[in-house]
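Residues per chain are reported as follows:
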Amino acid sequence: MDIKRVAIDAVNETIVMTVVHMDYKGQVAKRINEKMPLATVKGFRKGQVPKDLVEKQYGKAIKQEEVKKVVDLALERFIQSERLNLLGTPLAKENENFDWDAEELTFEYEIGLVPNFEIDLEAKNNIVKYIVTADDKLIDGQVERIQKQFGKAIPQDKVDADSDLTGTFSNEEKGINNTTTISVSTFNKKAGDKFIGKKVGDVVTVSTKGLFEDDHQLMDYLKVAHDDVHGLDIEVNFTIEAINGAELAELNQDLFDKLFGEGKVASLEDLKAKIKEDAEAQFAQQADQKLLLDVQDFLIENTKFDLPAAFLKKWLQTVGEKKLSAEEAEVEYARSEKGLRFQLIEGKAMAQSNIQITFEDLKAFTTNAIRQQMAQFGQTNPTDEEVQGIVARVLSNQEEVKRLSEQVVAEKLLEVFKEKANPTTKEVTYEEFIAASYGE
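Parameters and conventions
The numbering scheme is per chain: residues are counted from 1 as the chain's sequence reads. In keeping with the predicted nature of the model, local features appear solely for residues at pLDDT of at least 70, side-chain atom pairs appear and are counted solely at 80 or more, and the whole-chain, interface and lining totals rest on all residues. Water and hydrogen atoms play no part in the side-chain values, which are based on all heavy atoms of the structure. Helix and strand assignments follow DSSP, with helices taken as H or I runs no shorter than four residues and strands as E runs no shorter than two, numbered in order from the N terminus. Note that the radius of gyration is over C-alpha atoms, with the globule rule given as 2.2 Å times the number of residues to the power 0.38. Residue exposure (1.4 Å probe, protein chains only): buried if accessible area is under 20% of the type maximum, exposed if over 50%, otherwise partly exposed. Residue contacts follow a heavy-atom distance rule, with two residues in contact if any of their heavy atoms lie within 4.5 Å. Note on areas: Shrake-Rupley, 1.4 Å probe, and residue coverage restricted to the protein chains presented here. Pairing between strands is defined by DSSP: at least two bridges between the two strands are required. Orientation is described by axes fitted as lines to C-alpha atoms, over the contacting stretch for helices, and by angles from 0 to 180 degrees between their N-to-C directions. Small angles under 35 degrees read as roughly parallel and large ones over 145 as roughly antiparallel, with 65 to 115 read as roughly perpendicular and the rest as oblique. Three classes are used: nonpolar for Ala, Val, Leu, Ile, Met, Phe, Trp, Tyr, Cys and Pro, charged for Asp, Glu, Lys and Arg, and polar for all others, with Gly counted as polar. Within 6.5 Å between ring centres, the rings of Phe, Tyr and Trp (the latter by its six-membered ring) count as paired, and their orientation is classed by plane angle as stacked under 30 degrees, edge-to-face over 60, tilted in between. We call a charge positioned above a ring when the Lys NZ or Arg CZ atom is no farther than 6 Å from the ring centre and deviates by at most 35 degrees from the ring normal.

Assigned secondary structure in the protein consists of 14 helices and eleven strands. In terms of C-alpha radius of gyration, the protein reaches 32 Å, well past the compact-globule figure of 22 Å for 440 residues. By principal-axis analysis of the C-alpha atoms, the protein measures approximately 100 × 55 × 50 Å. Considering the protein as a whole, with its 440 residues, one finds that 35% of them fall into the buried category. The long-range share in the protein, meaning contacts at least 24 apart out of those at least 6 apart in sequence, stands at 71%. Accessible surface, the protein: about 27000 Å² in total, of which carbon and sulfur atoms supply 47%.

What follows is the structure, encoded as structure tokens:
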């Protein structure tokens, strides 16, 4: 067998394989011999069919099967021996005039290669690392929300600016149908004003674009998926089912103990300090996520390399349960190209920075995530045995391992980006951070 690579350009090649009779004749002969005792041909008893008739009836199909096995194995070994770094999988070139009776059988496979490129993590950039602070306005608002949440609900006939509404957000086209309780003040002012004076049973139509200060709140109140919240611009109906005012709860030790555990908060000043601490920890996570996205965008924009686009579009038509048309593959490629580019950049960044993920890294990350989740549900002091039992169950699920591994990689890359990209640090309030994030 002869096998060789034919370069088309830096990211596209063809593998050409020439198969001769010696490559497959022994296996074909063996299969024919195995077939003879089982062959049935009219006019002959089973097992008594002459070999030439068995070959005539079954030989072509057997030959094609054995040649395919030889080609598949040779192709796999060749890719390994040449250490080819492929995008997608080899695509067989179609040949309508292929002659299975020829002395030499030639097969051609198109392949797309991972491009060679370099990345400069220390390139000059305008990336900002935000330090988000909880200002007095935000803290006072949270104190009031706590008082309302634990206060006494007072039914109202009409909506006013301080009302809490229970009702259902709906949009049939997007499959939104979620019942929730929300304060009028949670909406932006333009949307909130639409509710003033409304009664139970009224339906208020609002736009999701800018409905809340933070688009992520669409996930909480409308149950919109995270991937859909940014820039979502549709109209939703809110059917009012209950209107309540609130008699604010007294800020006393009983309330503090209920919220944070006995004796951990003893005054309004302690409460505000705790709110500030918790809020800024959450803001830090959001700021890190924005930094990671900004660095991704910068690297994608400033790291130039060619992809085997035509090959990948053709390959996309062949994978998956549902085969795609050329037009559908074009759309899918456009949708996924940015992600593919960053996946390649991410791999290069990990190699350049010698980032490796160990099982201990994964276990530590999972342990911390489990403890945080348990704390959110009031389990502030779980035993190590309880936590490690949950961790073991989580890490026995391969899908969870894959998802968590991606998060560990992102966390390690974020630390590299913070160090090498040298972003400008800027302290902002949460409102200023939201404006910087969403351009509002």
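Once that is clear, we can look at the sheet that holds strand E2 (residues 12-20). Across the sheet, four strands lie side by side as E1-E2-E4-E3; this open sheet has antiparallel pairing. Pairing within the sheet leaves two strands with one partner each, and these edge strands are strand E1 (2-9) and strand E3 (86-92). In this sheet, adjacent strand axes meet at a mean angle of 20° when their direction is disregarded. Of the strand pairs in this sheet, E3 and strand E4 (residues 104-113) are connected by four bridges, and their pairing is antiparallel. Of the residues in E4, the one forming a bridge with Leu 86 is Leu 113.

On to the packing of helix H8 (residues 268-302) against helix H10 (residues 326-352), then. Where H8 contacts H10, the axes come no closer than 10 Å and their chain directions differ by 95°. Compared by their axis directions, H8 and H10 come out roughly perpendicular. Counting all contacts with H8, which are made through Gln 296, Asp 297, Leu 299 and Ile 300, the residues of H10 involved are Lys 338, Phe 342 and Ile 345. Of the residues belonging to the contact of H8 with H10, the class tally is four nonpolar, one polar and two charged.

The two faces of strand E9 (residues 203-207) differ: Val 204 and Val 206 on one face are buried, but Val 203, Thr 205 and Ser 207 on the other face are not. Both E9 and strand E10 (residues 235-247) contribute to a ladder of five bridges, which runs antiparallel. Its bridge partner being in E10, Val 206 is matched across the sheet by Val 236.

In this model, Arg 83 sits at a positive phi of 55°, which is unusual for a non-glycine residue. Arg 83 sits in the exposed class, given a relative accessible area of 76%. Although it is not a glycine, Asn 354 sits at a positive phi angle of roughly 55°. Of note, Asn 354 is situated in the loop between H10 and helix H11 (359-376).

Applying the stated rule across the entire model yields 13 aromatic pairs. Counting every residue linked through ring pairs, the aromatic cluster contains Phe 169, Phe 187, Phe 195, Phe 212, Tyr 221 and Phe 238. The positively charged end of Lys 35 is found above the aromatic ring belonging to Tyr 58, 4.7 Å away from the centroid. Across the ring face of Phe 117, the terminal group of Lys 348 is positioned such that the distance to the ring centre comes to 5.2 Å.

Treat this as a map of the structure, not an account of what it does.
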